[in-house]
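# Notes for the structure review
These are the residues of each chain, in order.
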Amino acid sequence: MRLLRTKSIEASIADSEASEFQLKKNLSALDLTVFGIGVIIGAGIFTVTGRAAHTMAGPAIVISFLIGAFCCGLAALCYAELSSAVPVSGSAYTFSYATMGELIAWIVGWDLLLELILAAGVVAQGWSAYFNILFGEWGLKLPDNLQGGTGWFTHFDIAAFGLVAVLTCVIATGIKESMRVNLTLVAVKLFIVLFIIVMGIQYINTSNYTPFVPPAQHLESTSDTLKRPLWELMTGMEPQAFGVMGVISGAALVFFAYIGFDVVATTAEETRNPKRDLPIGIIGSLAICTILYVSVCLVITGMVSYDKIDPKGALAAAFRDHGHPGYAQIIAAGAVAGLATVVMTLMIGATRVMYAMSRDGLLPMGMARTNPKTGTPVPMTLVMGFIIAVAAATIPIGEFEEMVNIGTLSAFFLVSLAVPVLRKKRPDLERPFKVPGSPVLPWVAAAVCLYLMLNLPVETWLRFVVWLLIGFAIYFFYGRGHSRVGRNPQLQGGVGDGVYATDLDTSVGDGAEALRKNERRY
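Computed from a predicted structure; not experimentally measured.

Before going further, it helps to examine the overall build of the protein chain. Of regular secondary structure, the protein chain possesses 19 helices and 2 strands. Taken across its 522 residues, the protein chain has 58% of its residues classed as buried. Counted over contacts in the protein chain with a minimum sequence separation of 6, partners at least 24 positions apart contribute 83%. Just so you have it, the protein chain exposes about 20,100 Å², and 67% of that area is on carbon and sulfur atoms.

What follows is the structure, encoded as structure tokens:
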């Protein structure tokens, strides 16, 4: 079936060596670990921690974070195996192309673009909010219509737009240069997180940990069907806070604080030793962030009773309540530095996914050409930067956060299924890292991702369907007809396996006719 034609792994690897489309290999395991930390630790540690403890789990939010880490860890293991076996840009998109076929790969790639573009825009809005708070402390204030707003076409967030514009220029200069900026900002962010932990320990009151799991409380169901989780409508369950179910609901909320480790896999072609370094970067960054998240949870719930935590600014409010309002400025400064790294990392991930899709012909190939000096796809970086900047400046605050979640979880779901599929299709493939307990563990990972998707609101599912319909229209009207795998059967899995040639050096410019002649022979 043409819609499910696969691209051979050897062809994908050979494509990464094509001169006009080759990325510079500059990244080490340390770079990847810092890269992962840079995108994982962001809005989650500054906002989600307090909100989840206050409304869902109480001090047991620590358990919620451990459950979330376990769920993410399952997906991380799957990413680690596939990225070590298929060290090519595109992450879940590339893995799906090699295992489940072109249409599924397009859906995954399209979902990843949804996740990364909207996530970068949303986090840029969060950065703008902290930026305005920080400068407000110094007596500086932007007009209201130049800050983030909740209505359509009523504002233009100039700070968010400016941040994305600056980061676009940084990313276009080269991946190593981007990593140097990222390393500096991550260092600042880690300093702030460690500052919170070390300074907060002295104000911990152990009585605030009792009860560790607060008694269950039933919540009133919202009358707006579109706002209710799909799982509630399917099962007739009533929402509950605290208790055991509250801890599990808290895990579903804080799960999204871990989103970002998958972006590490998008830099596979820019890694010096991807088969060794990618698993280290993916799993290492997730492990470090889990330790930091749990530590912050213990500090915040120890400093303030869970029912008195300020869900909007838990960390700053906790120190203010203990007589240290100046610490709020330090935390705001850390958030400004920390969220900037998240935006940059998400933007790099988005450009690399789009780069892989363009190189395969599913999007215009001209955008995937790399600059010989910087080793980056400059045209694509500029296009992606413009899209994200406009989204960050104009989309109402709080409108599309959950769209990020469903795009991420759908990709996690398909990546988890891809592990046993690839093992069955290509048992001969070298796998420097293997998921233990396969195929059971990948199936469990897929089930967890599906469950979390079903806990998202009906409104989010409807928007997701609309996004998929737009994607299908682009694929059937453009991508399917321009697909390199469709035009050159040698690249297909089962046909080109073991063939390391690529048509990319002749598929553009003066060599286009040579490629067309080659295609007519099939």
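Below, the discussion takes up the pattern of salt bridges. Summed over all chains, the structure comprises 5 salt bridges. Across the pair Arg-463 and Glu-459 runs a salt bridge whose closest N-O atoms are separated by 3.8 Å. Here Glu-459 and Arg-463 lie together in helix H17 (residues 458–482), a separation of 4 residues that amounts to about one turn. Residue Arg-463 is classed as partly exposed on the basis of its relative accessible area of 23%. By relative accessible area, which is 22% here, Glu-459 ends up partly exposed. A network of salt bridges, in which partner residues are shared, links Glu-81, Arg-423 and Arg-431.

This part is about the packing of aromatic side chains. A complete count under the given rule lists 13 aromatic pairs for this structure. A ring pair is formed by Phe-472 and Phe-476, whose centres lie 6.5 Å apart and whose planes are at 45°; its orientation type is tilted. Remark: Phe-476 and Phe-472 occur in helix H17; sequence separation between them is 4 residues, near one turn of the helix. Clustering of aromatic rings is evident, with ring pairs tying together Trp-106, Trp-110, Trp-467, Phe-472, Tyr-475 and Phe-476.

Conventions adopted
- Residues numbered from 1 in each chain as written.
- Predicted model: local features only at pLDDT ≥ 70, side-chain atom pairs only at ≥ 80, totals over all residues.
- Heavy atoms only, no water.
- Helix = DSSP H or I, 4+ residues; strand = E, 2+ residues; numbered from the N terminus.
- Buried < 20%, exposed > 50% of the residue type's maximum accessible area, 1.4 Å probe, protein only.
- Contact = heavy atoms within 4.5 Å.
- Areas by Shrake-Rupley, 256 points an atom, 1.4 Å probe, with all protein chains shown as cover.
- Salt bridge = Lys/Arg side-chain N within 4 Å of Asp/Glu carboxyl O.
- Phe/Tyr/Trp six-rings, centres within 6.5 Å; stacked < 30°, edge-to-face > 60°.

By themselves, these figures tell us nothing about what the structure is for.
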